Amino acid sequence: MSANAEVARILYEIGELYAIKGESFPSRAYLIAAQRIESLQDDIRSVYEKGELQVIPGVGKSIAAAIEEFLESGGCSHLQKLRESLPSGAQELMALEGIGPKTIMKLFYELKVTSIDQLEKAARSGKVRKLKGFGPISEKNVLQAIEDYRGFQKRFLLGQILPVLREIEEYMSSCGAVLRVDFGGSARRMKETVGDLDILVASEKGEEAVEYFISMPRVTRVISKGSTRSTIIVGSNLQVDLRAVPPESFGAALQYFTGSKEHNIKLRTLAVKLGYKLNEYGLFRRKDDKKVAGETEETIYQTLGLEYVEPELREDRGEIEAAMKGSLPNLVKYGDVRGDLHVHSSWSDGNIELDEIAEGAQQLGLEYIAICDHSRSLGIARGLDEKRLRKQMKAIEKLNRNLEGFMLLKGIEVNIMADGGFDLSNDILKDLDFVVASIHSGFKSGMKKMTDRLISAIHNEYVSTIGHPTGRLIQRRQPYPVDLKKVFGAAADQRVMMEINALPNRLDLNDVNCKGAMEHDVSISIGTDAHALGQLRYLPLGVSVARRGWLQTKDVANTLRIRELFRKVSR
DNA sequence: GCCGTTTTCGGCCCGACTGTTTTCAGTCG
């Protein structure tokens with residue numbers, strides 16, 4: 001874990017503990033600082049050494065001191081004290097739905113409950129219902145929350161959840177009482193993982209929309225339902241929230257339910273400063289409660305003196321400040337992408353023939369695809385040696401002769417070996433159109449070694465891009481340690497690109513690192529890494545990462561026409 | 001705990017739903 005991630009982790013924990021103590025303002029302060037440091041480009045240690053910790057927004061005297069202590073000693077006495085001041089299982093209990101700070105303290109003082117197991121025992125023996133403010137129903141809810149906690153997957157991959165979202169949207173649009181359907185939440189911000197779904201409908205008859213919603217196929221549980229909102233569980237463990245608002249408030253509701261929470265708090269604070277009140281029904285003037293915006297998101301941002309902020313940017317990473325100055329990036333659009341720069345075929349471990357790829361890609365409206373099968377040393381993936389690669393190149397050339405307005409590029413995903421060299425010679429690399437260089441093994445050789453391997457690959461004159469540059473697998477494997485600043489520097493120097501690998505469980509580079517690459521003037525290539533036909537559809541996921549990383553059309557190589565792309569890679 | 005184009009002290013976003021209460025606290029998003 002990088003120093004930034006470690007510091008962020010500590011600050012997050014302090015923030016969470018303050019929340020349990022019911023001290024919401026310090027809690028927020030720590031959580032904001034944690035988030036800032038997590039998405040900080042610079043190494044926190046070097047910021048500290050320059051004496052500039054308090055330059056980071058949200059970091060004041062106390063938090064700076066905590067960071068300093070941690071960097072110097074590896075510990076944090078403030079965190080220790082907080083931990084000791086709370087029941088030991090408080091954090092665990094906090095994870096239960098419906099259990100908050102007050103309940104945790106009550107459970108501790110009156111029932112000596114300090115863990116989920118103990119809580120379960122207390123609830124089963126009927127002790128919880130005797131607490132003041134509790135009853136049989138809340139006791140039953142506690143048991144349900146425990147069951148959910150044990151059974152639920154915590155977050156879903158964006159790529160898995162989007163199709164489900166489309167289905168629900170379609171279902172809700174067939175409701176007579178519904179005038180408009182959209183969705184918000186982290187899915188609309190295209191965050192790499194999504195905890196639950198937020199469906200928004202415009203309707204004059206909220207109750208009817210809610211009734212329709214809870215009658216959706218595959219609903220296994222209705223957690224709450226009112227006249228304007230409802231929460232259900234679909235299938236075994238997907239939580240879906242519905243909100244119904246009148247049409248004239250649709251924009252305000254969409255803005256509000258899209259989040260992020262931090263973005264919204266900042267926006268509402270700004271609204272208050274300017275003499276307004278912002279809620280899910282609209283933007284209101286404080287002095288006479290007159291509604292001044294709300295039908296669209298655009299009017300809300302505009303009235304607050306801001307440029308429109310695209311959902312993917314709403315993470316409080318400086319977008320509101322930029323929108324104030326009118327300096328938001330003109331984000332690359334989903335339709336700007338003309339090709340896919342990393343696809344596998346049946347020649348290695350993919351299961352699609354070259355002609356199927358060409359056909360599938362054209363159906364998606366693409367103009368080119370780079371065929372980048374694995375190279376020799378990846379035996380398990382039937383990696384190509386020089387002889388088979390030459391053969392594949394001929395097959396591609398032959399196919400291309402019969403194609404119009406579309407082209408397969410001759411490429412490879414060449415393996416970066418432990419010494420930073422390749423398992424194919426320059427003799428053959430020089431004859432290819434597109435070379436992705438990736439690390440597939442030896443992830444644990446340390447920051448310096450990994451960085452050197454990547455930089456050595458970047459210095460090969462035939463390399464076009466670095467594939468999945470950090471090697472992480474979302475919710476499964478941490479990124480390998482690598483000094484991305486150095487890598488970006490070398491890449492900028494050698495005019496080598498960095499890939500956004502668009503597989504749902506990779507999305508590597510991630511959003512924050514994309515922004516770092518862009519700030520180093522490094523171009524980005526997007527590749528689906530598809531091994532099956534359906535996976536070509538993941539290309540927009542790659543674009544979403546680029547957008548979340550503030551990238552513009554000019555930053556993304558896939559937006560080039562094929563001729564321009566050739567000029568770019570023949571450096 | 002942080003922050004300042006009202007403020008260096010006193011604020012810090014705002015509303016819906018539930019389960020327990022007889023008017024509201026707790027939780028969530």
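Scroll up for the structure.
Residues numbered from 1 in each chain as written. Chains lettered and ligands numbered in written order. Predicted model: local features only at pLDDT ≥ 70, side-chain atom pairs only at ≥ 80, totals over all residues. Heavy atoms only, no water.

Topic: a negative patch on the surface
Going by this rule: By definition, no residue in a patch forms a salt bridge, and every one has over 30% relative accessible area; like charges are joined within 9 Å, nonpolar side chains (Val, Leu, Ile, Met, Phe, Trp, Tyr) within 5 Å. Methods summary: accessible areas were calculated by the Shrake-Rupley approach with a probe of 1.4 Å, and residue burial reflects only the protein chains presented. Every case where a carboxyl oxygen of Asp or Glu lies within 4 Å of a side-chain nitrogen of Lys or Arg is listed as a salt bridge. We count Lys and Arg on the positive side and Asp and Glu on the negative side, and we leave His and both chain ends out. By convention, the point assigned to a charge is CZ for Arg, NZ for Lys, CD for Glu and CG for Asp. In this description a helix means any DSSP run of H or I spanning at least four residues, a strand means any run of E spanning at least two, and both kinds are numbered starting from the N terminus.
On the surface, a cluster of negative charge is contributed by Asp 43, Glu 49, Glu 68 and Glu 72. By the element assignment, Glu 49 lies in helix α3 (residues 44–49).

A closer look at the environment of Leu 40
Definition in use: What makes two residues a contact is simply this: any of their non-hydrogen atoms within 4.5 Å.
Mapped onto the secondary structure, Leu 40 falls in the loop between α2 (24–38) and α3. In sequence terms Leu 40 and Gly 516 are 476 residues apart; their C-alpha atoms lie 9.3 Å from each other. Among all residues touching Leu 40, those that are not within four sequence positions of it are Asn 4, Val 47 and Ile 56.

Some details on helix α21 (residues 484–494)
Convention followed: Here's how the labels work: a residue is buried when its accessible area is under 20% of the maximum for its type, exposed when over 50%, partly exposed in between, all with a 1.4 Å probe on protein chains only. Each C-beta atom gives one direction from the helix axis, and the arc is the one those directions make.
Residues Leu 484, Val 487, Phe 488, Ala 490 and Ala 491 constitute the buried set of α21. Down the axis of α21, the buried side of the element spans an arc of 165 degrees, and every buried residue falls inside it. When the buried face of α21 is taken as reference, the exposed residues oriented beyond 90 degrees from it are Lys 486 and Asp 493. Of the surrounding secondary structure, the elements contacted by the buried residues of α21 are α20 (447–458), β16 (497–501) and α22 (511–519). After α21 finishes, the residue Arg 495 shows a positive phi value of roughly 55 degrees.

Here's the deal with the packing of helix α1 (residues 3–20) against helix α4 (residues 61–73)
Put simply, the rule is: Only the stretch in contact is used when a helix axis is fitted, and all axes are lines through C-alpha atoms; the angle between N-to-C directions ranges over 0 to 180 degrees. Here the word oblique covers every angle except those under 35 degrees (roughly parallel), over 145 (roughly antiparallel) and from 65 to 115 (roughly perpendicular). Should the near helix be turned anticlockwise from the far one by less than a right angle, the crossing is termed left-handed; should it be turned clockwise, right-handed. Charged residues are taken to be Asp, Glu, Lys and Arg, nonpolar residues to be Ala, Val, Leu, Ile, Met, Phe, Trp, Tyr, Cys and Pro, and polar residues to be all remaining types, Gly included.
Look at α1 against α4: their axes get within 11 Å of each other, and the N-to-C directions meet at 130 degrees. With respect to each other, α1 and α4 are oriented oblique. Between α1 and α4 lies a crossing whose hand is right-handed. Where α1 approaches α4, its residues Glu 6, Val 7, Ile 10 and Leu 11 are matched on the opposing element by Ile 63, Ile 67, Phe 70 and Leu 71. Looking at the contact of α1 with α4 residue by residue, the class counts come to seven nonpolar, no polar and one charged.

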